[in-house]
Amino acid sequence: MDYTGRLAISYYNTIATINSEHKVYLVQHQENKKIFIKKVLDVYNLHIYEYLQSHCITGVPKLYEIYEENGQLTLIEEFISGVSLREFMDTQTISSDFIIRLICELCDILGTLHSLNPPIIHRDIKPSNIIITPDNHVVLIDFNAAKYLTDRENSDTVLLGTKGYAAPEQYGFCSSTPQTDIYALGILLKELSAALPVSLNILDSIIDKCTQMNPSDRMENVYKLKADIKKLKQSKVAKQSVKPAKWKKFIPPGFRTKRPWKMLIATIGYLFIILTSLCLQVENPTPITLWANRIIFILVMLSVVVCCFNYCDIRRFMPLCMNRHRIIRYLGVFLLCLFLINLCVLLLVIAESIL
């Protein structure tokens, strides 16, 4: 038993649960008080994590501790401040410039991994495994499904990855290669391009080349993909597609991604707020004061929506909302929400005094 490894892990105290299902926790070192991420894995490749611990790769979280016991691997890794690409796509405006920069940075990260001897194939590239930092850089996380490329395997024997992003070979047709990650990049590029306010058809040929069923028909490597993406910077179509994006930030939360289930939930929520306000009653009201109270009630409820979903990037006015620690960010959102609610109440008091 590795008592040294167990002792090293014991110095990290859990302060919050990030994802109980996937056993991801926010921890703090007892002595230096620094914040880290702790993960407990049931499926993993120990050799890959040992390599990542001993080699720093730009765009990949640094591993500080790894400890294996009873078929589980416990990791202590660098805490990356930022939001997942999935959350970013749901709350922010996507532009072609953002897509170009994102894919290019991912290509650089994967290019480093693929150039190792033997190459490391990530095999689970998706929006939730990509972190966008506050300075708009990209970090690739979660190497649970990663494997080394070897000539000894004719096919993948275990399906690892995410449905919709996993390449055909991950279902056992043949062995994973760097083209497996290129396939996932193609799917990611397709999803990102769908979020653009104006269709960017020039991307279709790149997406098609990345997502061919036969791995040999895809891009030769991620650097070829990066070169083709960078050509879009000189494309007049790409530049024009950014301009209409300015109005998108004013679309109400729930309708920005155009996903039917989100739009349905948002519609029900907004109708509930309106109907509840119409049922609101006050003592001895005049018609004006009654409607003033109903309007203020709507504004109070919308204040909560605005803060929770960062409408028009309102959180930038509260520094705590931009803090690198998740708990402090939540506190900032709460305080901002409280401020807007109090502002609405103040408006009500002023309106009643005038009326």
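Each value, and the rule that gives it
- Residues numbered from 1 in each chain as written.
- Predicted model: local features only at pLDDT ≥ 70, side-chain atom pairs only at ≥ 80, totals over all residues.
- Heavy atoms only, no water.
- Helix = DSSP H or I, 4+ residues; strand = E, 2+ residues; numbered from the N terminus.
- Buried < 20%, exposed > 50% of the residue type's maximum accessible area, 1.4 Å probe, protein only.
- Contact = heavy atoms within 4.5 Å.
- Areas by Shrake-Rupley, 256 points an atom, 1.4 Å probe, with all protein chains shown as cover.
- Core = buried A, V, L, I, M, F, W, Y, C linked by side-chain atoms within 4.5 Å.
- Pairing = 2+ DSSP bridges.
- Axes fitted to C-alpha atoms, helices over the stretch in contact; angles between N-to-C directions.
- Phe/Tyr/Trp six-rings, centres within 6.5 Å; stacked < 30°, edge-to-face > 60°.
- Lys NZ or Arg CZ within 6 Å of the ring centre and 35° of its normal.

Trainee: Sorry, what's going on with the overall build of the chain here?
Mentor: Of regular secondary structure, the chain possesses 11 helices and 10 strands. When the 355 residues of the chain are sorted by exposure, 45% land in the buried category. Considering only contacts within the chain whose residues lie at least 6 apart along the sequence, 59% involve residues at least 24 apart. Within the structure as shown, the chain displays about 19,100 Å² of accessible surface, and the carbon and sulfur contribution to it stands at 60%.

Trainee: I'm lost on the environment of Leu-278 in this one. Help?
Mentor: Residue placement: Leu-278 occurs in helix α9 (residues 260-278). Placed 17 residues apart in sequence, Leu-278 and Ile-295 show a C-alpha to C-alpha distance of 9.1 Å. Ignoring sequence-local partners within four residues, the contact set of Leu-278 consists of Trp-291 and Arg-294.

Trainee: Explain the nonpolar core here, please?
Mentor: Note on soluble globular proteins: their nonpolar side chains tend to be buried together. If you look at the biggest cluster of nonpolar residues, it comprises 52 residues, and the most contacted ones within it are Ile-130 and Ile-229. The biggest single contributor to this core is helix α4 (residues 96-114), with 11 residues. In terms of nonpolar packing, the next biggest core, distinct from the first, is built from nine residues, Cys-307, Ile-314, Met-318 and Val-333 among them.

Trainee: How do you make sense of the sheet that holds strand β9 (residues 138-140) when you look at a structure like this?
Mentor: Adjacent strands of a sheet pair through backbone hydrogen bonds, lying either parallel or antiparallel. An order of β6-β8-β9 is seen for the three strands of this open sheet, with the pairing classed as antiparallel. The outermost strands of the open sheet, each flanked by one partner alone, are β6 (83-84) and β9. Contacts from α4 reach β8 (130-132) and β9 within the one sheet, and its direction differs from that of β9 by about 40°.

Trainee: What is the right way to look at unusual backbone geometry in this model?
Mentor: The general pattern is negative phi for most residues beyond glycine and trans for most peptide bonds. Across the junction of Asn-117 and Pro-118, the peptide omega takes the value 0°, indicating a cis bond. Here Pro-118 shows up in the loop between α4 and β7 (120-121). Of note in this structure, Asn-136 is not a glycine but carries a positive phi near 65°. Tracing the backbone shows Asn-136 in the loop between β8 and β9. Phi angles above zero are rare outside glycine, and Asn-310 is one such case at about 55°. Counting through the fold element by element, Asn-310 comes out in the loop between α10 (287-308) and α11 (326-354). On the basis of relative accessible area, Asn-310 is assigned to the buried category, the value being 8%.

Trainee: How should the packing of aromatic side chains be read in this particular structure?
Mentor: Tallied over the entire structure, the rule returns four aromatic pairs. Centroid distance Tyr-12 to Phe-36: 5.3 Å. Interplanar angle 90°. Geometry classified as edge-to-face. Here the residue Tyr-12 occupies a position in strand β1 (residues 12-19), and Phe-36 occupies one in strand β3 (residues 35-41), the gap between them amounting to 24 residues. Taking 5.1 Å as the distance between ring centres and 75° as the angle between the ring planes, the aromatic pair formed by Phe-36 and Tyr-64 counts as edge-to-face. Placement of Phe-36 in strand β3 and of Tyr-64 in strand β4 (residues 63-69) is noted, with a sequence separation of 28 residues between them. For Phe-36, a relative accessible area of 6% corresponds to the buried category. Judged by its relative accessible area of 33%, Tyr-64 falls in the partly exposed class. Taken together through their ring pairs, the aromatic side chains of Tyr-12, Phe-36 and Tyr-64 make up a single cluster. Note that Lys-62 overlies the ring of Tyr-64, its terminal NZ or CZ placed 5.5 Å from the centroid.

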